[in-house]
Amino acid sequence: MVATDLKALVLYGPNLNLTGFREPDLYGKKPLEDIDAELREEAEKLGIELRILQSNHEGVLIDTIQENRKWANAIIINPGALTHYSIALRDALSSVRLPVFEVHLSNIYAREEFRHHSVISPISVGCIVGCGGYGFILALQAVRNLIAEVV
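Caption draft 1: Just the pattern of salt bridges, in detail. Going through the model one piece at a time under the given rule, you end up with two salt bridges. For E41, the salt bridge identified is with K45, shortest N-O distance 3.8 Å. Here E41 pairs with K45, and both are found in helix α2 (residues 32-46), just four residues apart, close to one helical turn. On the basis of relative accessible area, K45 is assigned to the exposed category, the value being 60%.

Right, here's the structure in full:
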């Protein structure tokens, strides 16, 4: 497989649409639109096709995962607060049998204790935390370097 055959679904969960505005000390000052633009630029360099969606609704995220199960080679996701309790989201990610990369703008392990537990991490290839928007670039590079070898 050549890199241009790689396809990644990028999903942002609840409240990530407010990135750049919401608690910039934790989540950074860069708006989600700028993170998306940088991600698209990196994807083009790496030869990876992207589909990107942000939703505040768990069901929309689950539907999108299921709808893209045959299109994508990998999923990059920041589930937002759903990270800590959404068994339905975890089941959807697990059921499509695609490599999952979990990304968090802030370091969830250096925050409130209720944020320390992720129901998504055990089914993820990797988890990137605390790198701001750059964490999505790192996940995209991981897709290129880890997934291209096995797809």
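On we go from here.
Caption draft 2: Seen up close, the environment of R111. Assignment of secondary structure puts R111 in the loop between β4 (100-104) and β5 (126-129). Residues R111 and K29 lie 82 residues apart in sequence; the distance between their C-alpha atoms is 18 Å. Discounting residues that sit within four places of it in the chain, R111 has contacts with L26, Y27, S106 and H116.

Thresholds applied
Residues numbered from 1 in each chain as written. Predicted model: local features only at pLDDT ≥ 70, side-chain atom pairs only at ≥ 80, totals over all residues. Heavy atoms only, no water. Salt bridge = Lys/Arg side-chain N within 4 Å of Asp/Glu carboxyl O. Helix = DSSP H or I, 4+ residues; strand = E, 2+ residues; numbered from the N terminus. Buried < 20%, exposed > 50% of the residue type's maximum accessible area, 1.4 Å probe, protein only. Contact = heavy atoms within 4.5 Å.

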